[in-house]
Amino acid sequence: QVQLVESGGGLVQPGGSLRLSCAASGSMFSIYHMAWYRQSPGKQRDVVAAITSSGSTNYADSVKGRFTISRDNAKNTVYLQMNSLKPEDTAVYYCKAFNFAYNYWGQGTQVTVSS
């Protein structure tokens, strides 16, 4: 069992930056792949970025060059650094831990990009 708690969301102006954190409880964090998803009202939840247990990363085309996912296995934490934020990045951001057998989700953190 893995419990995930996101933090770091908030209100930011267009062009600004935020760093989201996702802290995981339980052991064996390092063996899970991790991902950030986001969901806007009326839309489906889409993957934003993912990082494997070995550190390989992938990004949605809409955030490439602006967002960076990273993980610190010693702290059981995954991060999402978001730069050059746009109004269309406004959403609830969710953290997910997964492997071949399990998916675990956090409760989400709101990111609002507005002037």
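Residues numbered from 1 in each chain as written. Predicted model: local features only at pLDDT ≥ 70, side-chain atom pairs only at ≥ 80, totals over all residues. Heavy atoms only, no water.

J.: Give a detailed account of the state of the cysteines, specifying residues and quantitative values.
T.: Under the criterion given, the structure shown has 1 disulfide. At a sulfur-sulfur separation of 2.1 Å, the disulfide partner of Cys 22 is Cys 95. One quick way to see it: the torsion about the S-S bond of Cys 22 and Cys 95 is about -80°, and its sign makes the bridge left-handed. Within this pair, whereas Cys 22 is found in strand E3 (residues 18-24), its partner Cys 95 is found in strand E9 (residues 91-98), the two being separated by 73 residues in sequence. Owing to a relative accessible area of 0%, Cys 22 belongs among the buried residues under this scheme. In this structure Cys 95 comes out as buried when scored by relative accessible area, which is 0%. (Disulfide = S-S within 2.5 Å. Helix = DSSP H or I, 4+ residues; strand = E, 2+ residues; numbered from the N terminus. Buried < 20%, exposed > 50% of the residue type's maximum accessible area, 1.4 Å probe, protein only.)

J.: Go over the sheet that holds strand E7 (residues 67-72), please, and point to the residues and values.
T.: Pairing within the open sheet is antiparallel, and its 4 strands lie in the order E1-E3-E8-E7. Edge positions in the sheet fall to strand E1 (4-7) and E7, since each of these pairs with one other strand and no more. When the angles between neighbouring strand axes are averaged without regard to direction, this sheet yields 15°. In this structure, E1 lies alongside E3, joined through 4 bridges in antiparallel fashion. The residue of E3 that forms the bridge with Glu 6 is Cys 22. (Pairing = 2+ DSSP bridges. Axes fitted to C-alpha atoms, helices over the stretch in contact; angles between N-to-C directions.)

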